[in-house]
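# Structural features, examined
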Amino acid sequence: MELVVQKNSTKTARTQAAKRKVQSVQTDMQKTPESELTSVEEYFGEVWNRYLEKYEKLQG
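Residues numbered from 1 in each chain as written. Predicted model: local features only at pLDDT ≥ 70, side-chain atom pairs only at ≥ 80, totals over all residues. Heavy atoms only, no water.

Attention now goes to the overall build of the protein. Secondary structure summary: the protein contains two helices and zero strands in total. Element-wise, carbon and sulfur atoms account for 54% of the exposed surface of the protein, whose accessible area totals about 6,700 Å². (Helix = DSSP H or I, 4+ residues; strand = E, 2+ residues; numbered from the N terminus. Areas by Shrake-Rupley, 256 points an atom, 1.4 Å probe, with all protein chains shown as cover.)

Attention now moves to a nonpolar patch on the surface. Together, Val 40, Tyr 43, Phe 44 and Val 47 make up an exposed nonpolar region whose accessible area comes to about 400 Å². Relative to the helices and strands, Val 47 is located in helix α2 (residues 40-59). (Patch = residues over 30% accessible without salt bridge, like charges linked within 9 Å, V, L, I, M, F, W, Y side chains within 5 Å. Salt bridge = Lys/Arg side-chain N within 4 Å of Asp/Glu carboxyl O.)

Glancing now at the packing of aromatic side chains. Scanning all chains against the criterion turns up three aromatic pairs. Between the aromatic rings of Tyr 51 and Tyr 55, the centroid separation amounts to 6.2 Å while the plane-to-plane angle is 20°, which identifies the pairing as stacked. Within this pair, Tyr 51 and its partner Tyr 55 are both found in helix α2, separated by four residues, close to a single helical turn. Grouped by ring-pair contacts, the aromatic residues Trp 48, Tyr 51 and Tyr 55 constitute a single cluster. (Phe/Tyr/Trp six-rings, centres within 6.5 Å; stacked < 30°, edge-to-face > 60°.)

Here's what the structure looks like:
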């Protein structure tokens, strides 16, 4: 497979700029503390309750 690099290509420039932007965003983000995270059971419990509420509204 042959790699072709075009130095004056606007597509290449945009790709490089996008990579830099992604890297800067990743470094600015902080992790959520463990105490604020919900468990899998809590999350899907909330999703299930919302589903049931919507279903009841559709039936009633």
